[in-house]
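# Report on the structure
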Amino acid sequence: MGFKEQIDISRLPEHIAIIMDGNGRWAKNQGKFRSFGHESGVVSLKDVVEGCSDIGVKYLTVYAFSTENWNRPIEEVNLLMELLISTINAEIVTLNKNNIRLNAIGDIASLPQKCIDDLKHAMEETSKNTSCTLTLALSYSSKWEIVQAAKKLALLVKDGKMDINDINESSFSSQLTTVNMPDPELLIRTGGEHRISNYLLWQIAYGELYFTETMWPDFMKEDLFEAIVDYQKRERRFGKISEQLN
Ligand code: IPE
Ligand code: IPE
Ligand code: MG
């Protein structure tokens with residue numbers, strides 16, 4: 001029996017977040033350029049998005065480029081931006097066919113203008129789609145996001161539009177880039193590293209973490225289904241004890 005058949009559809013995670021890591025090492029292991037790894041990573045992303053769509057996952061949020069990734073060699077940064085542009089433009093038709101809405105989080109204004117324009121266009125073209133929301137985290141880091149949320153709340157209080165006592169977990173969440181999305185129940189990291197690398201720190205406070213040695217270009221929908229099966233075997237206690245759960 002494949003992993004897909006083992007999934008209990010009534011207990012699917014509503015939101016899955018992925019740190020798509022390992023493109024460079026995957027390519028290097030085969031004596032190829034890192035760019036080949038990134039291009040192959042796009043194939044995995046398309047397959048995983050299709051997998052989410054097949055089983056009915058409502059939100060998929062993928063780490064595509066971190067704030068820290070700006071520190072990579074300029075050639076690699078440029079290549080990633082070009083790959084982003086060509087992928088977004090090539091995928092609009094498929095996204096619409098599969099009823100998937102494209103969304104982006106992060107410091108989008110820091111991206112090259114062509115990226116901003118094409119991203120905006122693709123988001124508008126897919127804005128009416130309802131089966132799944134695919135969010136690309138671009139120039140994203142969680143500490144950046146939390147600081148900008150704090151600033152927005154401070155401004156509301158300063159301008160007399162909000163009482164300081166109304167700052168709570170819910171109003172804080174509403175200033176994050178993931179507003180209107182449930183927190184991810186499952187966070188997957190490929191590529192063998194056991195770290196979070198500044199991703200969705202607030203949102204994964206109670207998320208289930210799944211680490212795999214598989215490099216991102218080798219990660220396909222069947223691997224996603226395997227991660228979901230693993231997730232469904234876990235007992236989420238949220239501070240309680242087993243006997244309190246029904
Ligand atoms: C993840 O793969 C993709 C991005 C960070 C853009 P890497 O490029 O980090 O690949 P490794 O970790 O060096 O193998
Ligand atoms: C995390 O991968 C960011 C993305 C996958 C976009 P990195 O390869 O940049 O992470 P670190 O620096 O090794 O932690
Ligand atoms: Mg990496």
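Calculation rules
Residues numbered from 1 in each chain as written. Chains lettered and ligands numbered in written order. Predicted model: local features only at pLDDT ≥ 70, side-chain atom pairs only at ≥ 80, totals over all residues. Heavy atoms only, no water. UniProt positions renumbered as here; feature names shortened; annotations may be inferred. Near = heavy atom within 4 Å. Polar contact = N/O pair within 3.5 Å; in protein donor to acceptor, adjacent residues only side chain to side chain. Areas by Shrake-Rupley, 256 points an atom, 1.4 Å probe, with all protein chains shown as cover. 1 Å grid on protein atoms, 1.4 Å probe; cavity = no way out; pocket = protein on both sides within 12 Å on 5 of 7 lines; lining within 4 Å. Sits in = over half its atoms within 2 Å of the grid points. Points joined across faces, edges and corners; volume = space filled by probe spheres on them. Helix = DSSP H or I, 4+ residues; strand = E, 2+ residues; numbered from the N terminus. Nonpolar A, V, L, I, M, F, W, Y, C, P; charged D, E, K, R; others polar. Salt bridge = Lys/Arg side-chain N within 4 Å of Asp/Glu carboxyl O. Buried < 20%, exposed > 50% of the residue type's maximum accessible area, 1.4 Å probe, protein only. Pairing = 2+ DSSP bridges. Axes fitted to C-alpha atoms, helices over the stretch in contact; angles between N-to-C directions. Contact = heavy atoms within 4.5 Å.

Identification of the protein as Isoprenyl transferase from Pedobacter hartonius is taken from an unreviewed UniProt entry. In UniProt, the protein has this text filed under Function (unreviewed entry): "Catalyzes the condensation of isopentenyl diphosphate (IPP) with allylic pyrophosphates generating different type of terpenoids." In its Subunit (unreviewed entry) section, the UniProt record describing the protein reads: "Homodimer."

## Some details on the site of ligand 1
Taken together, the neighbourhood of ligand 1 is formed by 13 residues, with D21, G24, R25, R34 and R72 sitting nearest. Here an oxygen atom of ligand 1 and a backbone polar atom of G22 are 3.4 Å apart. Separating an oxygen atom of ligand 1 from a backbone N or O atom of N23 is a distance of 3.1 Å. Expressed as a share of its isolated accessible area of 370 Å², the protein-covered part of ligand 1 is 87%. Comparing atom positions with the cavity grids shows ligand 1 to sit within the largest pocket.

## Quick notes on the layout of surface pockets
The space that makes up the largest pocket amounts to roughly 1,000 Å³. Lining the largest pocket are 42 residues, and of these M20, N23, Y63, A64 and F65 sit closest to its centre. Listed by contribution, the elements that provide at least two residues to the lining of the largest pocket are α2 (23-28), α3 (34-55), β2 (59-66), α4 (74-97), β3 (100-105) and β4 (132-140). What the second largest pocket holds in volume is close to 190 Å³. Taken together, E169, S170, S173, S174, L176, T178, V179, N180, M181, D183, W202 and Q203 make up the full set of residues lining the second largest pocket. The residue makeup of the lining of the second largest pocket, split by class, is 4 nonpolar, 6 polar and 2 charged.

## Concerning the pattern of salt bridges
Within the structure shown, the criterion is met by 16 salt bridges. Residue E193 pairs with R25 through a salt bridge whose shortest N-O separation is 3.6 Å. With E193 in the loop between β5 (186-189) and β6 (208-211) and R25 in helix α2, the pair connects residues that are 168 residues apart, well separated along the chain. We classify R25 as partly exposed; its relative accessible area is 31%.

## Observations concerning the sheet that holds β6
Here we have 6 strands laid out as an open sheet, ordered β3-β4-β2-β1-β5-β6, and parallel in their pairing. Looking at strand neighbours, the two that pair on one side only are β3 and β6, the edges of this open sheet. Each neighbouring strand pair of the sheet contributes to a mean axis angle of 20 degrees, computed without reference to strand direction. Pairing between β3 and β4: 6 bridges, direction parallel. Residue pairing in the sheet places N103 in a bridge with T135 of β4.

## A look at the side chain of D21
Mapped onto the elements of the fold, D21 is located in the loop between β1 (15-19) and α2. A relative accessible area of 17% places D21 in the buried class. Reaching out from D21, the side chain makes a polar contact with the side chain of R189 at a distance of 2.9 Å. Contact partners of D21, with chain neighbours within four places excluded, come to R189, T190, G191, E193, M215 and W216.

## Re the pairing of β6
Two faces make up the sheet, and in a regular strand the side chains alternate between them. Going residue by residue along β6, you find E208 and Y210 tucked away on one face and L209 and F211 left uncovered on the opposite face. Two strands pair when backbone bridges link them, and β5 and β6 are joined in this way by 4 bridges, in the parallel orientation. Each bridged residue has a counterpart across the sheet, and for R189 the counterpart in β6 is F211.

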